[in-house]
Amino acid sequence: MSKTLLTYHMRTQVLQAPGASAMLPEILAQLGCRRAVLFADQGLTKAGITARVAQWFDLPHKGQGPQLVGIFDKIPQDAESSMIDEGVRFYREQGADGLIALGGGSVQDSVKCIKFVLDKGGKNILSLMPGNFCFETPPSAKPMNIPHVGIATTAGTGAEVSPAAVVFNSKDKIKGDLAHPFVGPDVAILDPELTVSLPPKLTAATAFDALTHAIEGIASPGANVFTDAYGFEAVSAIFRNLLPVLEKPAYIEGRNALLGASCVAILSFVYAVPGAYPVHNFAHAIGAHFRVHHGTANALFLTAVMEAMPDLYLPRAKDLARAMDLRAAAGQNAEQALAEVIAALKDLRRQSGLPDRFSELGVNASSAMEVLPMAVMRDPIGLIYPIPLEIIGQVLQNAL
Amino acid sequence: MHLANGEYGLFIDGKYVPAEGGATFKVVDPSTGQVAAEVAKGSEKDVDRAVQAARKAFDSGDWSRRSPEERAQVLEAIALKIGEHAEELAFLEVQSSGATLRRVMNADLLSVMELFVRCARLTREISKKEVLDAFPLPGPNQTMVVREPIGVCAAIAPFNFPLILASWKLAPALAMGNTVVLKPATYTPLTAIALGKICQEAGLPDGVLNIVPGPGGSVGEALAGHPDVDKVAFTGSTVVGRRIMQVASGTIKKVTLELGGKSPNIILDDADLDIAVPGSLFAFLLHCGQVCESGTRLFVPRKMQGEIVERMVAQAKQLKIGSAMDLSCDLGPVISKQQMETILSYVEAGKQEGAKLVLGGKRCQPAGLEDGFYVEPTIFTDVNNKMRIAQEEIFGPVLSVIPYDTVEEAVAMANDSMYGLAGGVWSRDHAKALQVAGQIRAGTVWINDWHMLRSDAPFGGYKQSGLGRELGRWGMEAYTELKTINMSMTLERSQRGWYDRMLGLKG
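The structure presented is a predicted model; accordingly, all values stated were derived computationally and were not measured.

**Some details on the overall build of chain B**
- Broken down by element type, chain B carries 16 helices and 24 strands.
- Considered along the principal axes of its C-alpha atoms, chain B spans approximately 85 × 60 × 35 Å.
- Taking all 507 residues of chain B together, the buried fraction comes to 57%.
- Look at the contacts in chain B between residues 6 or more apart in sequence, and 72% of them connect residues 24 or more apart.

**Description of the environment of Ala-54 of chain B**
- Among the structural elements, Ala-54 of chain B can be located in helix H1 (residues 44-60).
- When near neighbours in sequence (up to four residues on either side) are disregarded, Ala-54 of chain B contacts Val-152, Thr-179, Val-180, Val-181, Gly-207 and Asn-210 of chain B.

**Looking at the sheet that holds strand S14 (residues 356-359) of chain B**
Residue and element names in this part refer to chain B.
- Reading across from one edge, S14-S17-S18-S13-S12-S20-S21 is the order of the 7 strands in this open sheet, with mixed pairing throughout. Two strands close off the open sheet at either side, each with one partner strand: S14 and strand S21 (444-447). Strand-to-strand twist of the sheet, defined as the mean angle between neighbouring strand axes without regard to direction, takes the value 20°.
- Across the sheet, helix H11 (residues 337-352) lies against S14, strand S17 (378-381) and strand S18 (398-404), angled at about 20° from S17, the strand it touches most.
- Its contacts with the sheet put helix H13 (residues 407-415) on strand S12 (264-267), strand S13 (297-301) and S18, and the angle it makes with S18 is roughly 145°.

**Digging into the interface of chain A and chain B**
- Of the residues lining the interface, 9 residues belong to chain A; the matching set on chain B comes to 6 residues.
- The largest contributions to the chain A side of the interface with chain B come from Trp-56, Leu-59 and Pro-60 of chain A, which together make up 58% of the buried area.
- In this structure, the connection of chain A to chain B is made through 0 salt bridges.

**Focus: the sheet that holds strand S24 (residues 480-488) of chain B**
Residues and elements named next belong to chain B.
- A sheet is described by the order of its strands in space; here 3 strands give the open sequence S5-S6-S24, paired in antiparallel fashion. Strand pairing shows two members of the sheet lacking a second neighbour, strand S5 (130-131) and S24, which therefore form its edges.
- Examined bridge by bridge, strand S6 (residues 141-149) and S24 share 9 bridges and lie antiparallel to one another. Bridging from a neighbouring strand, Pro-149 pairs with Thr-480 of S24.

**Brief notes about the packing of H1 of chain B against helix H7 (residues 216-225) of chain B**
Residues and elements named next belong to chain B.
- Running from N to C, H1 and H7 cross one another at 40°; their axes reach a closest spacing of 8 Å. Accordingly, the angle class assigned to the pair H1 and H7 is oblique. Crossing geometry of H1 relative to H7 is assigned as right-handed. Packed against H1, whose contacting residues are Glu-44, Val-47 and Val-51, the element H7 presents Ser-218, Val-219, Ala-222 and Leu-223 at the interface.
- Across the contact of H1 with H7, the residue classes tally to 5 nonpolar, 1 polar and 1 charged.

**Examining a nonpolar patch on the surface**
All names here are of chain B.
- The grouping of Trp-498, Tyr-499, Met-502, Leu-503 and Leu-505 at the surface amounts to a nonpolar patch, some 540 Å² of accessible area in total.
- As for its placement among the helices and strands, Trp-498 is situated in helix H16 (residues 497-503).
- With relative accessibility at 32%, the residue Trp-498 sits in the partly exposed group.

**Regarding the domain arrangement of chain B**
Residues and elements named next belong to chain B.
- Looking at chain B, the domain boundaries give domain 1 (10-259 + 465-484) and domain 2 (264-447).
- Around 2300 Å² of area is buried between domain 1 and domain 2 when both sides are counted, 61% of it from carbon and sulfur atoms.
- It is Ser-31, Arg-102 and Ser-465 that lose the most area in domain 1 upon contact with domain 2, and together they represent 24% of the buried surface on that side.
- Joining domain 1 to domain 2, the criterion identifies 1 salt bridge.
- Along the contact surface separating domain 1 from domain 2 lie 13 residue pairs in polar contact (both at pLDDT 80 or more).
- Listing elements by their share of the side of domain 1 that touches domain 2, those giving two or more residues are helix H3 (86-97), helix H4 (101-126) and helix H8 (238-248).
- The element best represented in the side of domain 1 that touches domain 2 is H3, accounting for 5 residues.

**Considerations on the pattern of salt bridges**
- Applying the stated criterion across every chain, the model contains 53 salt bridges over all chains.
- A salt bridge links Lys-62 of chain A to Asp-58 of chain A; the nearest nitrogen and oxygen atoms lie 3.4 Å apart.
- Across the pair Lys-120 of chain A and Glu-136 of chain A runs a salt bridge whose closest N-O atoms are separated by 2.9 Å. In this pair, Lys-120 of chain A sits in helix H5 (residues 105-120) while Glu-136 of chain A sits in the loop between strand S5 (133-135) and strand S6 (148-152), placing the two residues 16 residues apart along the sequence.
- Salt bridges sharing common partners tie together Arg-55, Asp-59, Asp-228 and Asp-230 of chain B.

**Thoughts on the domain arrangement of chain A**
Residue and element names in this part refer to chain A.
- As assigned here, chain A comprises domain 1 (13-195) and domain 2 (200-399).
- Between domain 1 and domain 2, the contact holds 31 residues from the first and 29 residues from the second.
- Linking domain 1 with domain 2 are 1 salt bridge, by the criterion used here.
- A salt bridge links Arg-291 to Asp-78; its shortest N-O distance comes to 3.3 Å.

**Some thoughts on the packing of aromatic side chains**
Residues and elements named next belong to chain A.
- All chains considered together, the criterion is met by 14 aromatic pairs over all chains.
- Between the aromatic rings of Tyr-8 and Tyr-230, the centroid separation amounts to 6.4 Å while the plane-to-plane angle is 50°, which identifies the pairing as tilted. One end of the pair, Tyr-8, is in the segment before strand S1 (13-16); the other, Tyr-230, is in helix H7 (residues 225-247), with 222 residues separating them in the sequence.
- Note on Tyr-230: relative accessible area 23%, which makes it partly exposed.
- With centroids separated by 5.2 Å and ring planes inclined at 25°, the aromatic side chains of Phe-282 and Phe-301 adopt a geometry described as stacked.

**Structural notes on unusual backbone geometry**
- Pro-139 of chain A follows Pro-138 of chain A through a cis peptide bond whose omega is 5°.
- Locating Pro-139 of chain A in the fold gives a position in the loop between S5 and S6.
- Each neighbour pair has its own omega, and for Val-273 of chain A with Pro-274 of chain A the value is 5°, a cis peptide bond.
- With respect to the secondary-structure elements, Pro-274 of chain A resides in the loop between helix H8 (252-270) and helix H9 (278-290).
- Its identity as a non-glycine residue notwithstanding, Cys-288 of chain B has a phi of 55°, on the positive side.
- Tracing the chain through its elements places Cys-288 of chain B in the loop between helix H9 (273-285) and S13.
- For Cys-288 of chain B, a relative accessible area of 4% translates into the label buried.
- Phi at Asn-448 of chain B is positive, roughly 55°, even though this residue is not glycine.
- Here Asn-448 of chain B lies in the loop between S21 and strand S22 (462-463).

**Observations concerning the side chain of Ser-64 of chain B**
Residues and elements named next belong to chain B.
- Here Ser-64 shows up in the loop between H1 and helix H2 (68-84).
- Judged by its relative accessible area of 10%, Ser-64 falls in the buried class.
- Residues in contact with Ser-64, not counting those within four places in the same chain, are Phe-58, Arg-71, Pro-149 and Gly-177.

**Brief notes about H5 of chain A**
All names here are of chain A.
- End to end, H5 covers 22 Å across 16 residues, agreeing with the expected 22 Å (1.5 Å per residue, within 8%).
- Most of H5 sits inside the fold, with 13 of its 16 residues counted as buried.
- Just downstream of H5 lies Gly-121, where phi reads positive at about 70°.

**Quick word on the pairing of strand S9 (residues 187-190) of chain A**
Residues and elements named next belong to chain A.
- Here S9 shows a buried face lined by Val-187 and Ile-189 and a second buried face lined by Ala-188 and Leu-190.
- In this structure, S6 lies alongside S9, joined through 4 bridges in parallel fashion. Following the sheet pairing, Val-149 is matched in S9 by Val-187.

**Considering the environment of Val-17 of chain B**
Residue and element names in this part refer to chain B.
- Within the secondary structure layout, Val-17 lies in strand S2 (residues 15-17).
- Taking relative accessible area as the criterion, Val-17 reaches 18% and is therefore assigned buried.
- Measuring from C-alpha to C-alpha, the distance between Val-17 and Val-407 comes to 58 Å, with 390 residues separating the pair along the chain.

**Looking at the side chain of Asp-209 of chain A**
Residues and elements named next belong to chain A.
- By the secondary structure assignment, Asp-209 is in helix H6 (residues 200-219).
- Buried and unpaired, Asp-209 has Lys-175 as its nearest opposite-charge partner, separated by 9.0 Å.
- Reaching out from Asp-209, the side chain makes a polar contact with the side chain of Asn-298 at a distance of 2.8 Å.

So, how was this worked out
- Residues numbered from 1 in each chain as written.
- Chains lettered and ligands numbered in written order.
- Predicted model: local features only at pLDDT ≥ 70, side-chain atom pairs only at ≥ 80, totals over all residues.
- Heavy atoms only, no water.
- Helix = DSSP H or I, 4+ residues; strand = E, 2+ residues; numbered from the N terminus.
- Buried < 20%, exposed > 50% of the residue type's maximum accessible area, 1.4 Å probe, protein only.
- Contact = heavy atoms within 4.5 Å.
- Pairing = 2+ DSSP bridges.
- Axes fitted to C-alpha atoms, helices over the stretch in contact; angles between N-to-C directions.
- Buried area = accessible area lost by both parts, 1.4 Å probe.
- Salt bridge = Lys/Arg side-chain N within 4 Å of Asp/Glu carboxyl O.
- Parallel < 35°, antiparallel > 145°, perpendicular 65-115°, else oblique.
- Left-handed = near helix turned anticlockwise from the far one by under 90°.
- Nonpolar A, V, L, I, M, F, W, Y, C, P; charged D, E, K, R; others polar.
- Patch = residues over 30% accessible without salt bridge, like charges linked within 9 Å, V, L, I, M, F, W, Y side chains within 5 Å.
- Areas by Shrake-Rupley, 256 points an atom, 1.4 Å probe, with all protein chains shown as cover.
- Domains from an automatic or database assignment.
- Polar contact = N/O pair within 3.5 Å; in protein donor to acceptor, adjacent residues only side chain to side chain.
- Phe/Tyr/Trp six-rings, centres within 6.5 Å; stacked < 30°, edge-to-face > 60°.
- Expected span 1.5 Å × (residues − 1).
- Lys, Arg positive; Asp, Glu negative; His and termini not counted.

In structure tokens:
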């Protein structure tokens, strides 16, 4: 890795504190925004989070800062292409000049795509991603000059800081990939108070999403000093804080730590270029075909992949064991350490109440075995690090 | 700055001089009650000499017509010189004002240096002329708006933060090209006198800064009424501020007043008491409460009064009272014997009106400092907002705790005051706190904090707490006049149709 060109360019400014979402109007004003649209989902609106963030525009007095000219809270699970196009239309109808993404990965990635379409002057995201894939780099990739603030409401995807988006093409049943150095928010707000009402199952599943980002980054051939620093610290923070947060949902310090961990975990993932992302390869395939929640799918496949592809993980096994505070593994060889790491991951998953097996996801096993091998091979993220067919079968067996 | 006989002189036209007739007065160290220095006592005649020097310096243009960049460089040099003289200034400040050496070395000097640098930066930014849109009617013209200095400014500073509050006036006035006559408080003239030498060393031309210590009744009045003074900036009590406004009205001087306060501090029922309790002590005990924005009325939910007060009393009892020079002391003296007696008389008034005294209330005489002016931290509970201790500014370490039943009631009582300088609210919920902050009628409101002032944010009072604002862009603009220059861009008589239409001129 030391002889490969390393490009590290995290452009999103991060503001993190309990209550930090109150700074939203001032941040938008600083970015030059006067008329903002807020994108969210129905779950957030029902939980009162949308209204809680919208209120900052009227405090302490109405009309003295940027205006909130519209709320679009219809983003579904996964950034579905048709809803992205609808969001573009909505934004234009409001005469808006700034974007707020309030949510987890689905909202964050949808808004990135909306900005991308707006910047291109287009109407339709899929037409800009032939083959469900679009990878733009400088000099042709330029700043988009559309004020954009991301507010994370889950501690999982880290999508509020990543320069990439996953787009669900419901017609092709494929999760496409968009990467552009300026597609992420200008400013990301990490406010743990907004994650307190997240149900325990989602808190756990999103934390495993972050854990997967960290471990895939660490194991990637492109791992480097930045991604290692972020990845190992994320693993360590999640192991220290996930169970305490599940036990006491209002434990703000723990929530704050998980938010920070998810934010740096995605950086470990996206900047470990060239990357090997086999767990995501499976999670995208099963997500696109059976609409399984992304974090839940990652949690399931993480250990199945590590067992089936040990060569990828063995060189980092002892470091991973150290990050997880598995002291007994320190004196062992790499194989033993990896076994302990996998056991610890399974243990954490069980204690978090997440499924260990396919059968618990409500997915029919025989139809999965039929569809998934091809789906995994077609998934665009597998282009970078394709998985041999026999290994695919072994991973699926491990997870069955 | 010392004259041949050892006294501190007036500073006029670049020289330290005795007062007309040689009068002097004594400065007492409030930590010990002993005389610390002898200072030339200015009179009306000295004021006239100083104003004439300032007038001459202003009219010469050597300072007032320098470019913003040139003035900014002198201000930056003053900041550096203050740093070089930091120890000397700190000892003079502590000896005369009773500020703890710990605070002065930590905070006061840094904030003064930062202020001069800030004003240097601001003068570069806001001194730019603005050219208005090319509006072509009634004929082609170019119109620009320029900022110019006002002229001779009188700066009258108080005794509580002598160096900081003199600088709040001096730095923006000089930055914008004015000349100044500074009158420090009679209790605390020493650091102001030292500033004369410091500014001169930094390259400020003679006559641009003049310093005349002396009694408010003579020197202050003379400055506020002098026909050659263009602006008066005053920090002090509302009573004196009202008098200055009256005297200044004789020649329609520009006036900036930063006056008293009785600032409401509202703890909401969801506040984090681990910060609200020490924060509320900090709000009323900094410099023994001799701070205009002190949080001296504490509104607490009725059911929480017991817990909050208990925790405040326990923490206040840990504070060490003693000489301001002693680095281990938390609280120094109040400014004078008279001020100490005023504070103690308010304690009596509070008891008589039925408030419950739960801490302090007495003079304190630490061993070896029996002649110093020390008052114990004092807390009254169950105070009614109509009582004198809730309505009048005491300027001492005295807190009135007022229980409330609803937030609406707390806000109404908070606003039931002739003052409106500052306020604060403590809550874990920023939305609730912002709602309350929007309803407090005051020039500065803190959420979960107190005394946090910034040199780039305006500071000043609603209601009888003052007039105008100091600091930041807004404070700088208060030392300028605005001039519109309209330049016709045609020399053709035929283009002046409006002369004919409006007045029927035919020539």
